[in-house]
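Summary of the model geometry
Residue-level listing of the chains:
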Amino acid sequence: MKDIRLDSPLNGQLVELKEVKDPAFAGGAMGLGAGVVNPDGKVYSPVDGEITVLFDTKHAIGIHSVDGADILIHVGLDTVKLGGEHFEAKVAQGDTVKKGQLLLEFDAEAIKQAGYDTTTPVLVTNAAEFGQVTIALGDKVITSSANNGETAAAVTDDSEYANLPKEARVAKLIEKYVGGMDNVRNAEHCATRLRLIINDKSKIDEKAIENIDGVKGQFFAAAQYQIILGTGFVDKVFDEFVKGTNFSGVSNKEEAYAQMTPIQKISRTLGDVFVPIIPVLVATGLFMGLRGAAQSLGVQFSPNVLLLSQILTDTAFIFLPALVCWSTMKRFGGTPVIGLVLGLMLVGPQLPNAWAVAGGDVKPIPMDIFGMTIGIVGYQGSVLPALVLGIFAAKLQKALKSIVPDIIDLIVTPFITLFVSMILGLIIIGPIMHSLETTIFGAVSAFLQMPMGIGGFIVGGLQQVIVVFGVHHVFNALEVQLLATTGVDPFNAIITGAIVAQGGAAVAVALKTKDKKKRALYISSAVPAFLGITEPAIFGINLRFMKPFLYALVGGAFAGGVASFLHLAGTGMGITVLPGTLLYLDHLLEYILVNAIGFGIAFGLTFTLFTPEE
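Read on for a plain summary of the structure. (Residues numbered from 1 in each chain as written. Predicted model: local features only at pLDDT ≥ 70, side-chain atom pairs only at ≥ 80, totals over all residues. Heavy atoms only, no water.)

1. Observations concerning the sheet that holds strand S3 (residues 32–37)
Spatial strand order, S2-S3-S11-S7-S6-S5-S9: 7 strands in an open sheet with antiparallel pairing. Only two strands of the sheet have a single neighbouring strand rather than two, namely strand S2 (13–16) and strand S9 (96–97). Taken together, the 3 bridges between strand S7 (residues 70–74) and strand S11 (residues 120–124) define a ladder with antiparallel strand orientation. Within S11, the position partnered with Ile73 by the bridge is Val122. (Pairing = 2+ DSSP bridges. Helix = DSSP H or I, 4+ residues; strand = E, 2+ residues; numbered from the N terminus.)

Structural data, given as structure tokens:
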């Protein structure tokens, strides 16, 4: 493999590419070469060749040399925004040029005064076809290659792992480009992503990781470096990645939480509490959907069969505080079974239902405490009282364990934890949290029921933005409360259009992409969106190009507005788009319409207005 040496096409100060203040150039993703700081305003051809690219804005020129090198000279950073102002081309695209011929003149001072950096990257974009790439200017010489460990790190050379199975090759390359296993503090994975906690973010070569065959995207969220690999494949890559390490795949929450923002911490905590109980609520919703569909078709149930169906659909919500308290105790390090019993105490059959008390149907149990009469009620279907009580009980139990002798810990700690928590739960925490819960629920319900679907329009347009910031789990508690109090989830109906819209935009990008490999990658990233998982489509396609993401937000907004206008609501939560159909069997046409609007608008806007730059 031959080397290539070029004289700098500009006069100025030659610097290594990694010093250029643009990650696409500095990381080597665009090619190998060097940067010229404070150029004098004239660009000369460094080779004999042909002008293959000359942008209308005249800020960048591409040359194909007689030696086969593809050279890119990019004057300044973000100077494309100048629209050609301060630039004057001396050649045209397709011209044959000689080494030393003047190609371009520009007013460096005017560009600086306009607020732009004039540092000019000089790159060999097909550097993988050469050995060493050398750029010289006066006495300064900068040499780089695909294997010298510096600027070339972004050129993903798979050859050393070519004989390995795909999952092993991807794992090895990820290890290489995240800075080695010494730079990884913890590793886990979810349904689609490898999630890493990194010691030093500056050691990550993000462009190189994106270029790995099998990787669909990468991003930082919730204090983790997340690499999108897709369902099924991520499990195999994770197993290979953690071989020979002590990473168990269990989330190191303390380390991750320490790096989160407050809103991310709240969202992640709610996710940790509610995600484990979502499968039960999904199953309950499916039972309700099937029963509603059967009744809409004229099927008559006998009283006993109807009663049995109600056991299937109502039990989870009647005893919802028990589920929430159990999951909260588990999340905060308490004994889960204590949380379960404590939650059951909140819904004991001896206690009148708090919602029935609020409606005036029954009266609370009067309790005289220090001369004050306090009404005691149950909290069937409530979320916040169980959530806060579970946190308190877990903290109390851990505090007791630190002072109670081990010999009596088994008896004393559970007794005091249950007794104190139950008293506070029924007398203080319960009433306060239930009042707050009622206020929040009323406000949210009023917002979602705004006239003409305005509330749904806003939620549908912004929900996937919230997903990007990794704080969407904050809505789990809202959906659970909606189901517990009304039996249906209008929020699910609104966001399904937002989800399918991301898939629609991604499909449009794939269809407009001419590169077969990229098209296949884009399609595989779009498919999970139709199963309710949008991260591969967002981070692998739409957000990288930005316009498709924005067009998908428009589609989601209109779909959410229509869902709200039609008062569409699911019988459960946790599943959307194709699997979510099962939650809308009694309103199937409306559900299909909402998804068709979200997909159609996002696909139509993207296919019509977006042109991918290959």
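2. Quick notes on a nonpolar patch on the surface
A contiguous nonpolar surface patch, about 980 Å² in accessible area, is contributed by Phe447, Met452, Ile454, Phe457, Ile458, Leu462, Val554, Phe558, Phe565, Leu566 and Leu593. Contributions of two or more residues to the nonpolar patch are made by helix H15 (454–468) and helix H20 (547–565). Here the nonpolar patch takes 4 residues from H15, the largest share from any one element. As for its position among the elements, Ile458 is in helix H15. Among the residues examined, Ile458 registers a relative accessible area of 37% and is labelled partly exposed. (Patch = residues over 30% accessible without salt bridge, like charges linked within 9 Å, V, L, I, M, F, W, Y side chains within 5 Å. Areas by Shrake-Rupley, 256 points an atom, 1.4 Å probe, with all protein chains shown as cover. Salt bridge = Lys/Arg side-chain N within 4 Å of Asp/Glu carboxyl O. Buried < 20%, exposed > 50% of the residue type's maximum accessible area, 1.4 Å probe, protein only.)

3. Description of the sheet that holds strand S8 (residues 87–89)
Note: strands within a sheet are paired through backbone hydrogen bonds, in either parallel or antiparallel orientation. If you walk across this open sheet you meet the 3 strands as S4-S10-S8, and the pairing is antiparallel. Because the sheet does not close on itself, it has two edges, and the strands there are strand S4 (42–44) and S8. With strand direction ignored, the average angle separating the axes of adjacent strands in the sheet is 15 degrees. Alignment of S8 against strand S10 (residues 102–106), held across 3 bridges, turns out to be antiparallel. (Axes fitted to C-alpha atoms, helices over the stretch in contact; angles between N-to-C directions.)

4. Considerations on the pairing of strand S6 (residues 60–65)
The two faces of the sheet receive side chains in turn, since in a regular strand these alternate between them. The element S6 is largely enclosed, with a buried count of 5 among its 6 residues. Summarising the sheet, strand S5 (residues 49–54) and S6 pair through 5 bridges and their orientation is antiparallel. If you follow Glu50 over to S6, its bridge partner there is His64. Hairpin connection, S5 to S6: the antiparallel pair is bridged by 5 residues, and Lys58 has positive phi, about 60 degrees. The pairing of S6 with S7 spans 5 bridges and is antiparallel. In the sheet register, Ile61 faces S7, and the bridge partner there is Ile73.

5. With respect to the packing of helix H10 (residues 320–331) against helix H11 (residues 336–346)
Relative orientation of the contacting elements H10 and H11 amounts to 150 degrees, with a least axis distance of 7 Å. By the angle between their directions, the pair H10 and H11 is classed as roughly antiparallel. Helix-helix and strand crossings are classified by hand; for H10 and H11 the assignment is right-handed. On the side of H10, the interface is formed by Pro321, Ala322, Cys325, Trp326, Met329 and Lys330, while H11 contributes Pro336, Ile338, Gly339, Leu340, Leu342, Gly343, Leu344 and Leu346. (Parallel < 35°, antiparallel > 145°, perpendicular 65-115°, else oblique. Left-handed = near helix turned anticlockwise from the far one by under 90°. Contact = heavy atoms within 4.5 Å.)

6. A short note on the pattern of salt bridges
Oppositely charged side chains may form a pair once their charged atoms are brought near each other. Applying the stated criterion to the full structure yields 10 salt bridges. The shortest N-O distance in the salt bridge between Asp409 and Lys401 comes to 3.0 Å. A network of salt bridges, in which partner residues are shared, links Lys42, Glu88, Lys90 and Glu105.

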